[in-house]
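Working through the structure, step by step
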Amino acid sequence: MNDTQTPNGQSDQMNDDLDLADPLALDPLDEEGEDPRIATLRAERDDYRDRFMRALADAENARKRAEKDRREAENYGGSKLARDLLPVYDALNRAIEAADRSVAPQLVEGVELTLRELANVFGRHGIEVIAPAVGDRFDPLLHEAMFEAPVPGTKAGDIIQVMVDGFRIHDRLLRAAQVGVSSTPAS
């Protein structure tokens with residue numbers, strides 16, 4: 001055997017153990033006949049593919065969430081301002097109900113025009129009035145019962161008085177209509 005030193009200080013003995021004519025001698029294989037480096041690269045590739053797919057799904061979810069948030073902000077962003085304006089609507093309604101048209105017809109007309117303009121502004125922003133009428137059925141999703149009273153000629157659950165109109169913005173309730181409800185048992 002040749003036991004000469006290579007420039008890096010290793011023995012030539014190792015080269016003698018390898019058959020350089022055999023290409024498989026340079027690439028050791030695992031038990032299944034596959035190069036372990038290829039198996040490692042495949043595992044790494046699969047890991048990166050999994051990470052990429054998860055990142056892609058996260059990005060899509062973030063996009064959908066941002067779109068939903070944008071729509072909600074567009075539809076419901078003015079809810080706080082609208083709630084703050086509801087007492088103004090109520091005050092204008094009470095002013096019209098209490099006004100004496102014979103004394104100041106122009107003033108009453110001005111208040112009516114102001115109320116109508118406020119209702120138009122509400123309508124442009126998706127705010128609608130919930131105006132129940134006496135005799136309508138009580139709906140707990142739209143109405144708030146302020147009192148119950150037995151009233152002859154009515155059925156239990158009928159609205160007997162409307163104190164304040166309710167409002168909704170698009171499909172969300174801003175304020176329930178405040179009503180009185182009959183408690184007369186059905187006969």
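Whatever comes next refers back to the structure up there.
Keep in mind it's a predicted model, so treat the numbers as computed, not measured.

1. Quick word on the overall build of the protein
Along the backbone of the protein there are five helices and six strands. Order of helices (α) and strands (β) in the protein, N terminus to C terminus: α-α-α-α-α-β-β-β-β-β-β. The buried share of the protein, taken over its 187 residues, is 20%. Here the protein has roughly 13,500 Å² of accessible surface; of this, 55% comes from carbon and sulfur atoms.

2. A word on the packing of aromatic side chains
By the definition in use, this model includes three aromatic pairs. Where phenylalanine 122 meets phenylalanine 167, the ring centres are 5.7 Å apart and the plane angle is 80°; that geometry is what we call edge-to-face. Of this pair, phenylalanine 122 sits in helix α5 (residues 105-124) while phenylalanine 167 sits in strand β4 (residues 166-169), and the two are 45 residues apart along the sequence. Like phenylalanine 167, phenylalanine 122 is buried. Over the aromatic face of tyrosine 76 sits the side chain of arginine 172, whose NZ or CZ is 3.9 Å from the ring centroid.

3. Comments concerning helix α4 (residues 79-98)
Residues separated by three or four positions in an α-helix point in the same direction, a consequence of the helix having 3.6 residues per turn. For α4, spanning 20 residues, the distance from its first C-alpha to its last is 29 Å, which sits close to the expected 28 Å at 1.5 Å a residue. In α4, a bend of some 30° at leucine 85 exceeds every other bend along the element, and proline 87, a proline, comes one to four places later. Among the residues making up α4, those that are buried are Ser79, Ala82, Leu86, Tyr89, Asp90, Leu92 and Ile96. Looking at the buried residues of α4, the elements they touch are α3 (36-76), α5, β1 (127-130), β3 (159-164), β4 and β5 (172-175).

4. Overview of the sheet that holds β1
Taken in spatial order, the three strands make up an open sheet running β1-β4-β5, and their pairing is antiparallel. In the strand order of this sheet, the two ends are held by β1 and β5, each with one partner. On average, adjacent strands in this sheet sit at an angle of 35° to one another, irrespective of strand direction. Alignment of β1 against β4, held across four bridges, turns out to be antiparallel. Note on β4: the bridge partner recorded for glutamate 128 is arginine 168. Running at roughly 45° to β5, α4 makes contact with β1, β4 and β5 of the sheet.

5. Quick notes on the sheet that holds strand β6 (residues 177-182)
Here three strands make up an open sheet; going across it, the order is β2-β6-β3 and the pairing mixed. Each having just a single partner strand, β2 (143-149) and β3 make up the two edges of the open sheet. The mean inter-strand angle of the sheet, taken between neighbouring strand axes irrespective of direction, is 25°. In this structure, β2 lies alongside β6, joined through six bridges in parallel fashion.

Calculation criteria
Residues numbered from 1 in each chain as written. Predicted model: local features only at pLDDT ≥ 70, side-chain atom pairs only at ≥ 80, totals over all residues. Heavy atoms only, no water. Helix = DSSP H or I, 4+ residues; strand = E, 2+ residues; numbered from the N terminus. Buried < 20%, exposed > 50% of the residue type's maximum accessible area, 1.4 Å probe, protein only. Areas by Shrake-Rupley, 256 points an atom, 1.4 Å probe, with all protein chains shown as cover. Phe/Tyr/Trp six-rings, centres within 6.5 Å; stacked < 30°, edge-to-face > 60°. Lys NZ or Arg CZ within 6 Å of the ring centre and 35° of its normal. Expected span 1.5 Å × (residues − 1). Bend = angle between axes of the 7 residues up to and from the residue. Contact = heavy atoms within 4.5 Å. Pairing = 2+ DSSP bridges. Axes fitted to C-alpha atoms, helices over the stretch in contact; angles between N-to-C directions.

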